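The primary structure of each chain is shown beneath.
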Number of protein chains: 2
Amino acid sequence: MSNIPKIVILGAGYGGILTAQRLQKELKYNEADVTLVNRHDYHYITTHLHMPAAGTDTIEHSRVPISKLIDEFKIDLVKSTVKEIRVQEKKVILEDGLLTYDYLVIGLGGEPETFGIRGMKEHAMTIRSINSVRMIREHVEYQFALYKNDRRESRLNFVVGGAGFSGIEFVAELADRIPVLCREFDVDPNRVNIYNVEAAPTALPGFDPELVEYAMDVLKRKGVTFRIGVPIKECLPDGVIVGEGEKIQAQTIVWTGGIRGNHIIEDAGFEVMRGRVKVDEFLRAPGYDHIFIIGDNSLFFNPEGRPYPPTAQIAMQQGVTCARNVVAAIRRRQPHKFVFSNKGTVASLGKGEAVAVVGGRKMKGWTAAQLKKIVDMRYLFIIGGIPLVLKKGRFF
Amino acid sequence: MSNIPKIVILGAGYGGILTAQRLQKELKYNEADVTLVNRHDYHYITTHLHMPAAGTDTIEHSRVPISKLIDEFKIDLVKSTVKEIRVQEKKVILEDGLLTYDYLVIGLGGEPETFGIRGMKEHAMTIRSINSVRMIREHVEYQFALYKNDRRESRLNFVVGGAGFSGIEFVAELADRIPVLCREFDVDPNRVNIYNVEAAPTALPGFDPELVEYAMDVLKRKGVTFRIGVPIKECLPDGVIVGEGEKIQAQTIVWTGGIRGNHIIEDAGFEVMRGRVKVDEFLRAPGYDHIFIIGDNSLFFNPEGRPYPPTAQIAMQQGVTCARNVVAAIRRRQPHKFVFSNKGTVASLGKGEAVAVVGGRKMKGWTAAQLKKIVDMRYLFIIGGIPLVLKKGRFF
Ligand SMILES: Cc1cc2nc3c(=O)[nH]c(=O)nc-3n(C[C@H](O)[C@H](O)[C@H](O)COP(=O)(O)OP(=O)(O)OC[C@H]3O[C@@H](n4cnc5c(N)ncnc54)[C@H](O)[C@@H]3O)c2cc1C
Ligand SMILES: Cc1cc2nc3c(=O)[nH]c(=O)nc-3n(C[C@H](O)[C@H](O)[C@H](O)COP(=O)(O)OP(=O)(O)OC[C@H]3O[C@@H](n4cnc5c(N)ncnc54)[C@H](O)[C@@H]3O)c2cc1C
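Quantities reported herein were computed from a predicted structural model and do not represent experimental measurements.

Caption draft 1: Structural view of the site of ligand 1. Residue and element names in this part refer to chain A. In the vicinity of ligand 1 lie 30 residues, with Gly15, Asn38, Val82, Asp296 and Ala312 positioned nearest. A total of 1000 Å² of accessible area belongs to ligand 1 in isolation, and the protein chains cover 90% of it. Listed by contribution, the elements that provide at least two residues to the shell around ligand 1 are helix H1 (14-26), helix H5 (165-185) and helix H8 (312-330). Ranked by the residues each element gives to the shell around ligand 1, the list is headed by H8, at three residues. Residues that form the shell around ligand 1 fall into these classes: 10 nonpolar, 16 polar and four charged. Both of domain 1 (6-110 + 261-342) and domain 2 (120-257) provide at least three residues apiece to the shell around ligand 1.

Caption draft 2: View of the site of ligand 2. Residues and elements named next belong to chain B. Residues in contact with ligand 2 amount to 30 residues; listed here are only the nearest, Gly15, Asn38, Val82, Asp296 and Ala312. One of the side-chain N or O atoms of Asp296 is found 2.8 Å from an oxygen atom in ligand 2. The backbone of Ala312 places a nitrogen or oxygen atom 2.9 Å from an oxygen atom of ligand 2. Considering ligand 2 on its own, with 1000 Å² of exposed area, one finds that the protein chains cover 89% of that surface. Secondary-structure elements contributing two or more residues to the shell around ligand 2 are helix H1 (14-26), helix H5 (165-185) and helix H8 (312-330). Of the residues assigned to the shell around ligand 2, the class counts are 10 nonpolar, 16 polar and four charged. Shared between two domains, the shell around ligand 2 holds at least three residues of each, these being domain 1 (6-110 + 261-342) and domain 2 (120-257).

Caption draft 3: Region of interest: the interface of chain B and chain A. Counting from both sides, the interface comprises 20 residues of chain B and, opposite them, 20 residues of chain A. Here chain B and chain A share six salt bridges between them. A salt bridge links Arg137(A) to Glu184(B), with the shortest nitrogen-to-oxygen separation between them at 3.0 Å. Between the two partners, chain B and chain A, sit 14 residue pairs in polar contact (both at pLDDT 80 or more). Every element with two or more residues in the side of chain B that touches chain A is listed here: helix H4 (130-150) and H5 of chain B. No other element matches H4(B), which puts 13 residues into the side of chain B that touches chain A.

Caption draft 4: Examining the relation of the copies chain B and chain A more closely. Expressed as a screw transformation, the operator carrying chain B onto chain A has a rotation angle of 180° and an axial translation of 0.0 Å, and the superposed copies differ by an RMSD of 0.1 Å. Here the transformation between the copies is reduced to the relation of a two-fold axis. Both copies contact each other with a shared surface, as 100% of the interface residues of chain B are interface residues in chain A too.

Caption draft 5: Examining the nonpolar core more closely. In terms of nonpolar packing, the biggest core is built from 99 residues, with Phe144(A), Phe170(A), Phe144(B) and Phe170(B) touching the most fellow members. Discounting chain neighbours no more than four positions away, the residues touching Phe144(B) are Leu156(B), Phe158(B), Ile178(B), Leu181(B), Cys182(B), Phe185(B), Val187(B) and Val192(B). Counting 63 residues, the second-largest nonpolar core is a separate cluster that includes Ile9(A), Ile70(A), Leu94(A) and Cys322(A).

Caption draft 6: A look at the side chain of Glu169(A). All names here are of chain A. By the element assignment, Glu169 lies in helix H5. On the basis of relative accessibility, which here comes to 8%, the residue Glu169 falls in the buried class. Not counting the four nearest positions on each side in its chain, Glu169 is found in contact with Thr47, His50, Val346, Ala347, Ser348 and Lys372.

Caption draft 7: Quick peek at the domain arrangement of chain A. Residues and elements named next belong to chain A. Partitioning chain A into domains gives domain 1 (6-110 + 261-342) and domain 2 (120-257). Relative placement of domain 1 and domain 2: their C-alpha centres are 32 Å apart. On the side of domain 2, 15 residues touch domain 1, which itself brings 15 residues to the contact. The contact between domain 1 and domain 2 buries some 1400 Å² in all, and 68% of this surface belongs to carbon and sulfur atoms. On inspection of domain 1 and its partner domain 2, the count reaches zero salt bridges. Of all the secondary structure elements, the ones that give two or more residues to the side of domain 1 that touches domain 2 are strand S3 (42-44) and helix H2 (50-54). Ranked by residue count, the leading element in the side of domain 1 that touches domain 2 is H2, at five residues.

Caption draft 8: Up close: the packing of aromatic side chains. In total, this model carries 19 aromatic pairs over all chains according to the counting rule given. Ring plane angle 35° and centroid distance 5.8 Å describe the contact between Phe144(B) and Phe185(B), whose orientation is recorded as tilted. With Phe144(B) in helix H4 and Phe185(B) in helix H5, this pair connects stretches of sequence that are 41 residues apart. Phe185(B) shares its class with Phe144(B); the two are buried. For the ring pair Phe300(B) and Tyr308(B), a centre distance of 6.4 Å and an interplane angle of 10° mean the geometry is stacked. Aromatic rings pair up to connect Phe300(A), Tyr308(A), Phe338(A) and Phe340(A) into one cluster. Taking the ring centre of Tyr147(A) as reference, the NZ or CZ of Arg151(A) above it sits at 5.5 Å.

Caption draft 9: Up close: the environment of Lys278(A). Residue and element names in this part refer to chain A. Note that Lys278 resides in strand S19 (residues 277-278). Taking the C-alpha atoms as reference, Lys278 lies 12 Å from Ile291; in sequence the two are 13 residues apart. Once residues within four sequence positions are removed from consideration, Lys278 is found in contact with Pro286, Leu299 and Phe301.

Caption draft 10: Quick peek at the pattern of salt bridges. Going through the model one piece at a time under the given rule, you end up with 50 salt bridges over all chains. Where Asp186(B) meets Arg63(A), a salt bridge forms, and the shortest distance between an N and an O atom there is 2.7 Å. Here Asp186(B), found in the loop between H5 and strand S13 (193-198), pairs with Arg63(A), found in strand S4 (residues 63-65), and the two come from separate chains. Arg63(A) sits in the buried class, given a relative accessible area of 6%. A cluster of three or more residues bridged by salt bridges with shared partners is formed by Glu60(A), Arg63(A), Arg134(A) and Asp186(B).

Caption draft 11: Inspection of the pairing of strand S9 (residues 103-106) of chain B at higher detail. All names here are of chain B. Side-chain alternation along S9 places Tyr103 and Val105 on one buried face and Leu104 and Ile106 on a second face that is also buried. Pairing analysis gives four bridges linking strand S1 (residues 6-10) to S9, with the strands arranged parallel. Across the sheet, the residue bridging to Val8 is Leu104, located in S9. The sheet contact formed by S9 and strand S21 (residues 291-293) spans three bridges and is parallel. Each bridged residue has a counterpart across the sheet, and for Ile106 the counterpart in S21 is Ile293.

Caption draft 12: Local environment of the sheet that holds S1(B). Residue and element names in this part refer to chain B. The strand order across the open sheet built from five strands is S5-S2-S1-S9-S21, with neighbouring strands paired in parallel fashion. If you trace the sheet from one side to the other, it starts and ends with strand S5 (75-79) and S21, each paired once. Sheet twist, expressed as the average angle between the axes of neighbouring strands with direction ignored, equals 15°. Packed on one face of the sheet, H1 meets S1, strand S2 (33-38), S5 and S9 and runs near 155° to S1. Most of the contacts of H8 go to S9, to which it runs at about 170°, and overall it touches S1, S9 and S21.

Reading the values: rules and limits
- Residues numbered from 1 in each chain as written.
- Chains lettered and ligands numbered in written order.
- Predicted model: local features only at pLDDT ≥ 70, side-chain atom pairs only at ≥ 80, totals over all residues.
- Heavy atoms only, no water.
- Near = heavy atom within 4 Å.
- Areas by Shrake-Rupley, 256 points an atom, 1.4 Å probe, with all protein chains shown as cover.
- Helix = DSSP H or I, 4+ residues; strand = E, 2+ residues; numbered from the N terminus.
- Nonpolar A, V, L, I, M, F, W, Y, C, P; charged D, E, K, R; others polar.
- Domains from an automatic or database assignment.
- Polar contact = N/O pair within 3.5 Å; in protein donor to acceptor, adjacent residues only side chain to side chain.
- Contact = heavy atoms within 4.5 Å.
- Salt bridge = Lys/Arg side-chain N within 4 Å of Asp/Glu carboxyl O.
- Least-squares fit on C-alpha atoms with pLDDT ≥ 70 in both.
- Core = buried A, V, L, I, M, F, W, Y, C linked by side-chain atoms within 4.5 Å.
- Buried < 20%, exposed > 50% of the residue type's maximum accessible area, 1.4 Å probe, protein only.
- Buried area = accessible area lost by both parts, 1.4 Å probe.
- Phe/Tyr/Trp six-rings, centres within 6.5 Å; stacked < 30°, edge-to-face > 60°.
- Lys NZ or Arg CZ within 6 Å of the ring centre and 35° of its normal.
- Pairing = 2+ DSSP bridges.
- Axes fitted to C-alpha atoms, helices over the stretch in contact; angles between N-to-C directions.

In structure tokens:
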């Protein structure tokens, strides 16, 4: 049995991939064994999934084989599903095996949070993986095909629950997609309704109000009907009950209204808030020097004492710090504090439209849309260099 | 009120379009009023529908706006659905109006015949129109998306009932399509099953036995499982009961096992056999000198006293004779006898494969596949000339 420390990374999302790539760069030969576990043999670009979900882009622009991103001579890639983490035994139970670790990095990403809204889990679709996204795309197309045969108007009603970033971005793509589907299926576009329902008093809560107004205007012009400040009370197989009991008939309901941490974290016995673990300044789980939790599974507080919202941006930055701190731990050096550097926020509003705040500057329209592309390409560049940008980048 | 005779053509399929085009050519200015009624504003090429049904070709290769095929200065185009024919009153009831006629041409095409098999009408899809075809394509794709989420194996089982010409042609396209869908949805092709179930003792009943064997070999190599001589006893939402009670689990059932005449013919009081009217040698309904019935709605007997099978070929030829006979009736001339000239039969077996009998010669493989394309293009040429061949023809 070898004596070199075992590092296990769970999840090859934004956080996990960045951790793995940095470890592979910084670790010396035989300094540690690194294993990366992921449910699929590909990494998906979650921030891009709203496009294939609506059908405005292909799946292949949203994923990359993990083997192209890491050096398999340096890191063991295990394609499997994590079932359980046994922190006392330092073991990870996979669906088809078992791993032991000395250092554990948890980057399993979030899960939809339905806030106990009745029927939401059963009847709504969510944007969370390649499979879920293909499901939404096919479901939407299928409604058009069915409509042409049974003429049920509710097939042409699409409800998106949640007007946060992913809700707004998906609604925008859907609004771009509808005219194409209408042509393809000979459906009058005026018969189609896209409802975006949000319980909070505003769309894109926390974002600049002027840009929120701009975004809503753009989407209204694309045909979106907003129901803001209106909670979904119940989700049914054929619609949603909103506000004071009004029913919106719809065969398609996509829920983007909330994200919580992966249930595996909670099951492992960590103390959680909405499934997330409040990590220390070094990204470690409280009480466990050798367990790091990053991305959507962690809760990190800003200097004002409020948690940062879960984003790809923070997950990536945490991945980098996490890798440094694992290396520091192995070398018995001081760990590094995680400091979030906000590069800004962009929300795409479909073809040629977006809103953004970068360094306190507001941007909108075409310029912001270009920025969105640059952000996407920058990510491709970080994880895969120029070849990946050329292969997966969307230049138009 | 004008005194010129009114000709009404019901259906713009193979028979109806040919009738309309010939009338528009032969009739002199103000010699008659011609109205062509069709449910859609496009003509679809039924013999091509197995491709978009499987998703191996686009819808747009299977249809043409009727306005491109007829001269609207000479023929009134009415986009409407025929509800009823009142032969005593010489009236046609449309969903949104009423037409009177002096001469009536009925070319409303066939309907699926389910032979009273329980559940078939409710649970099976059929290839019969653009809408039904889009339905099949989307349904099949949706099963792949659903499978990736619920892993129900029956989603990957596809049952095609009937191994006649349209059944075989559809099965072949489906077999070509499955590998593409498997790649797109990350499904192991070995998990997918295509069953072709036929009650008759052979596939392609009536066709040359050597070619039938060839066709089945080609399709078996493409992964099709044949169940020949095995009747479907019942169709369920999740499969079919065949033979002595065996159940084939499947979420997708496409029925191609039979065609009958349009129910409107029977409802009008004509004497029918499987919904078809046995017409006289001039294509007239018995007892009605001024009503012509062509294509899938008519039954025409060969010199040996057996009915010709309903095909596009005979429908087209009948359209031509029918037009001549309507003109003859208006001009009080002798009508022309209809004589079917068999140009041969081709059945495509997917990409690069087909079987054919032409002038007593057997053909198979690539040569037969080329012939199929030539037949398709010939039809496009007949109805729309070179421009239509260039626009809708499939050259590869
Ligand atoms: C539609 C949409 C748009 C978004 N847009 C933006 C945006 O524009 N900007 C932004 O900053 N953020 C955006 N986000 C949020 C961002 O995507 C997440 O915050 C980010 O993905 C979190 O990264 P992560 O590494 O924690 O997890 P993820 O990127 O979700 O990765 C988790 C990985 O773990 C794997 N996994 C999960 N469970 C298991 C298991 N049991 N066993 C094995 N593997 C498992 C998954 O397959 C996945 O590969 C968006 C989110 C969505 C849904
Ligand atoms: C998959 C498939 C493959 C085939 N392949 C071949 C082949 O290779 N070779 C061959 O010779 N034959 C083939 N056939 C058979 C051939 O398509 C038919 O025999 C032919 O279409 C009959 O022509 P028709 O003019 O009678 O009717 P159709 O072509 O069916 O046209 C009927 C028209 O009437 C319209 N209509 C129907 N009801 C109404 C209504 N109530 N009101 C208004 N309009 C209405 C329809 O929309 C349609 O436009 C195939 C059939 C199928 C299904």
